Amino acid sequence: MLLTVVGFWGAYPEIDSATSCYLLEKDDYKILLDCGSGALAQLPKYTDVFGLDALFISHYHQDHIADLGVLQYHFLVQNAIHQTNKTLPIYGHNEDEQAFSKLNHQATNAIAYGPNDLVKVGPFTITYLKTKHPVPCYAMRITDGESVIVYTADSSYLDAFIPFAKDADLLITDCSFYEGQDGTGPGHMTSEESAIIAKEAHVSHLLLSHHPHFGNRKQLKKEAEKIYRGRIDLAKAGFHWSTSSH
Ligand SMILES: [Zn+2]
Ligand SMILES: [Zn+2]
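Read on for an overview of the structure. (Residues numbered from 1 in each chain as written. Chains lettered and ligands numbered in written order. Predicted model: local features only at pLDDT ≥ 70, side-chain atom pairs only at ≥ 80, totals over all residues. Heavy atoms only, no water.)

1. Brief notes about the pattern of salt bridges
Note the cut-off: Salt bridges are counted wherever a side-chain nitrogen of Lys or Arg sits within 4 Å of a carboxyl oxygen of Asp or Glu. The secondary structure listing takes helices from DSSP runs of H or I that are at least 4 residues long and strands from runs of E that are at least 2 residues long, numbered from the N terminus. Burial here depends on accessible area, computed with a 1.4 Å probe over protein chains only, as a share of the maximum for the residue type. Under 20% is buried, over 50% is exposed, and the range in between is partly exposed.
Evaluation of the coordinates by the stated rule reveals 7 salt bridges. For Lys-130, the salt bridge identified is with Glu-95, shortest N-O distance 2.6 Å. With Lys-130 in strand 8 (residues 124–130) and Glu-95 in the loop between strand 5 (88–92) and helix 4 (97–101), this residue pair connects regions lying 35 residues apart in the sequence. Residue class for Glu-95 comes out partly exposed when judged on its relative accessible area of 39%. Its salt-bridge partner being Glu-179, residue Lys-226 comes within 2.9 Å of it at the nearest N-O pair. Of this pair, Lys-226 sits in the loop between helix 7 (218–225) and strand 14 (231–234) while Glu-179 sits in the loop between strand 11 (170–177) and strand 12 (189–190), placing them 47 residues apart in sequence.

2. Observations regarding a nonpolar patch on the surface
Put simply, the test is: Patch membership is restricted to residues that have no salt bridge and whose relative accessible area is over 30%. Joining uses 9 Å for like charges and 5 Å for the nonpolar side chains Val, Leu, Ile, Met, Phe, Trp and Tyr. In these tables, accessible area is a Shrake-Rupley quantity obtained with a 1.4 Å probe, and a residue counts as shielded only by the protein chains included in the view.
A cluster of nonpolar side chains, Val-70, Tyr-73, Leu-76, Val-77 and Ile-81, forms an exposed patch at the surface whose accessible area comes to about 460 Å². Looking at the secondary structure, you find Ile-81 in helix 3 (residues 68–82).

3. With respect to the side chain of Asp-233
Applied cut-off: Any two residues having at least one pair of non-hydrogen atoms within 4.5 Å are treated as being in contact.
The topology assignment puts Asp-233 in strand 14. A relative accessible area of 15% places Asp-233 in the buried class. Asp-233 has contacts with His-205, Leu-206, Leu-207, Leu-208 and Phe-239, leaving out every residue within four places of it along the chain.

4. Digging into the state of the cysteines
Spelled out, the test is: We call a pair of cysteine sulfur atoms a disulfide whenever their separation is within 2.5 Å.
Tallied over the entire structure, the rule returns 0 disulfides. There is no disulfide at Cys-35, and the cysteine sulfur nearest it, in Cys-21, is 5.4 Å away. Exposure remark for Cys-35: the relative accessible area of 0% places this residue in the buried category.

Rendered as structure tokens:
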């Protein structure tokens, strides 16, 4: 499987970039994890948007769903141009019924997932873990039967991430704060907390994402390296990870 970082900022995008959005591909099957602000302008660099097979939403904060409406318009317009009737399934939790209902549109179809579900789409199987965040949010563990990617989505530190991320080939964390800071108020993690999960879960590769708009972000990686000895990367637009590259 191939993962591409489409957007990696927390809160809002900076110039020519996007907030949370990740593209996952295998055997021409393409899914998107979250669809943050700026994602629709970045996505065509990596794939044909109309070729997406499914979208998974972790929670309904704007930095994860801001471009959902324009993604729906993209499908609407492309269906009109190609005289097709393609519908994009969008998976989200329904603990916020109003937000969940907005996943439905002429060309998109809302599908609810719950904490104990195991969702199979194309070559991927996805399981969930409820995170610690001001609104209901779910981390995802995604496998194609060969390798495993775990995406914490937004969360304060949780011990439950350690078994959930166990032996993952790639762990993508919410790394919104620097070492020594406290992210529990807004419900985010630090570089240290990201590294502790990577170390304790014995993951192969740590990708620090959901970046802050303050400080020197290179420092996040240095701080994580003090704790976790495996490979660490700072998320950036176009970062690729594939099964064969680890
Ligand atoms: Zn966020
Ligand atoms: Zn959030």
